Amino acid sequence: MKKFGVKHIVATGIGAALFFVLGRFVAIPSGVPDTNISIQYGLLAFIATVFGPIAGLLTGLIGHFFIDFSFGWGVWWSWVVTSAFVGCVIGLLTVKLNIEEGEFGVKGIIQFNIAQVIAHLVGWGALAPVLDILIYAEPANKVFVQGLVSAGINIITTAVVGTLLCVAYSAAIPKKGSLKEEE
């Protein structure tokens, strides 16, 4: 497990702020009520993969809280909790990736995307709708449609944006042994 230190706290703060900005200002309506196409889950998956499950959990929790709060309709806790869950699960399932060592090839991309698909399907396809029913007494058919549409959208945007962020980050890290002293 990755130790949670100062760089993780800073990454969490920056990640939550970017999650908020992307979710609040870069969202496209999907056609399903209260469900948008947005890229913040790609960023969340990147933060969770690089900095671990605690950073992923806190980034999703804080970022989604402020998105809901800023709209003025109140905080929709079922979805806030689900964003935190998704970040945590991706962080747990990708903890063994060597992304910080500049190793994120085909195998890493596949593992990253399997992790994010699992997290989104369980989070948005099951957890969010069940919490909507339990907390807000929402109709099951409505919330499961919203959840499954959200899962599908988030899987696609995370596959594109999250994978690109991880590949770019990994490529930018100097490889071990690549820095040699000149004679």
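Residues numbered from 1 in each chain as written. Predicted model: local features only at pLDDT ≥ 70, side-chain atom pairs only at ≥ 80, totals over all residues. Heavy atoms only, no water.

Engineer: Describe the confidence of the model for the protein, with residues and values.
Structural biologist: As a note on interpretation, predicted positions should not be read in detail where pLDDT is low. Of all residues in the protein, 94% have pLDDT values of 70 or greater, and the mean over the chain is 92. Taken element by element, the predicted model of the protein shows its lowest mean pLDDT in strand E1 (residues 27-29) (86) and its highest in helix H4 (residues 77-93) (98). (pLDDT = per-residue confidence, 0-100. Helix = DSSP H or I, 4+ residues; strand = E, 2+ residues; numbered from the N terminus.)

Engineer: An account of the packing of aromatic side chains is needed here, citing residue identities and associated values.
Structural biologist: Here the distance between the centres and the angle between the planes together describe a pair of aromatic rings. Overall, the coordinates contain eleven aromatic pairs when judged by the stated rule. Ring geometry for Phe-19 and Tyr-41: centres 5.2 Å apart, planes at 90°, overall edge-to-face. You can see Phe-19 sitting in helix H1 (residues 6-25) and its partner Tyr-41 sitting in helix H2 (residues 40-51), a full 22 residues away along the chain. Judged by its relative accessible area of 4%, Tyr-41 falls in the buried class. Here Trp-76 and Tyr-136 contribute two aromatic rings whose centre-to-centre distance is 3.9 Å and whose plane-to-plane angle is 15°, an arrangement assigned as stacked. With a gap of 60 residues between them, Trp-76 in the loop between helix H3 (53-71) and H4 and Tyr-136 in helix H5 (residues 106-136) connect regions that are remote in the sequence. A residue is classified by how much of its surface remains accessible, and Trp-76, at 27% relative accessible area, is partly exposed. (Phe/Tyr/Trp six-rings, centres within 6.5 Å; stacked < 30°, edge-to-face > 60°. Buried < 20%, exposed > 50% of the residue type's maximum accessible area, 1.4 Å probe, protein only.)

Engineer: Describe the packing of H5 against helix H6 (residues 140-172), and please don't skip the residues or the numbers.
Structural biologist: Axis separation between H5 and H6 bottoms out at 8 Å; the angle between their running directions is 155°. Taken together, the axis directions place H5 and H6 in an arrangement best described as roughly antiparallel. Judged by the sense of rotation from one axis to the other, the crossing of H5 with H6 is right-handed. Its residues assigned to classes, the contact of H5 with H6 shows 17 nonpolar, eleven polar and one charged. (Axes fitted to C-alpha atoms, helices over the stretch in contact; angles between N-to-C directions. Parallel < 35°, antiparallel > 145°, perpendicular 65-115°, else oblique. Left-handed = near helix turned anticlockwise from the far one by under 90°. Nonpolar A, V, L, I, M, F, W, Y, C, P; charged D, E, K, R; others polar.)

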